[in-house]
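# Overview (structure and organization)
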Amino acid sequence: QVQLMESGGGLVQPGGSLKLSCAASGSTSRIHAMGWYRQAPGKQRELVATITRAGISNYADSVKGRFTISEDTAQNILWLQMNNLTPEDTAVYYCAAQQVGATEYNRWGRGTQVTVSS
């Protein structure tokens, strides 16, 4: 199995930046793609960004141009650089992994809180 652990969340003012990290361990050779999801209070978890082992990334329209997903596949580390943050970005951010042979992201970290407020 793959285990994921996020870090880097915190409080930031609107317009500020924050960088999240996710460390993957365990059966990392089984990872096909990784991504970031977020869930705001009272809302469903939503996709933020994904990246395949081939380096192909995708972003939600709401974050495109502001967020950047990247990874070091050798070290099994995933990052999410978040710039120009707005209060609407406030949520618990989750690191997720899609394992080889799986049709969806099925491994999750516990999440890290990101709060954007003046």
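Whatever comes next refers back to the structure up there.
## Quick notes on the side chain of Gln 98
Mapped onto the elements, Gln 98 comes out in strand 9 (residues 91-99). There is a polar contact of 3.1 Å between the side chain of Gln 98 and the backbone oxygen of Ala 102. Every residue in contact with Gln 98, bar those within four places of it in the chain, is listed here: Arg 30, Ile 31, His 32, Ala 33, Thr 103, Glu 104, Tyr 105 and Asn 106.

## Quick look at the pairing of strand 1 (residues 2-7)
Each regular strand displays side chains that alternate between the two surfaces of the sheet. Burial along strand 1 is one-sided: the residues Val 2, Leu 4 and Glu 6 are buried and none of Gln 3, Met 5 and Ser 7 is. Direction of pairing for strand 1 relative to strand 3 (residues 18-26): antiparallel, over a ladder of six bridges. From the neighbouring strand, Glu 6 faces strand 3, where its bridge partner is Cys 22.

About the criteria used
- Residues numbered from 1 in each chain as written.
- Predicted model: local features only at pLDDT ≥ 70, side-chain atom pairs only at ≥ 80, totals over all residues.
- Heavy atoms only, no water.
- Helix = DSSP H or I, 4+ residues; strand = E, 2+ residues; numbered from the N terminus.
- Polar contact = N/O pair within 3.5 Å; in protein donor to acceptor, adjacent residues only side chain to side chain.
- Contact = heavy atoms within 4.5 Å.
- Buried < 20%, exposed > 50% of the residue type's maximum accessible area, 1.4 Å probe, protein only.
- Pairing = 2+ DSSP bridges.

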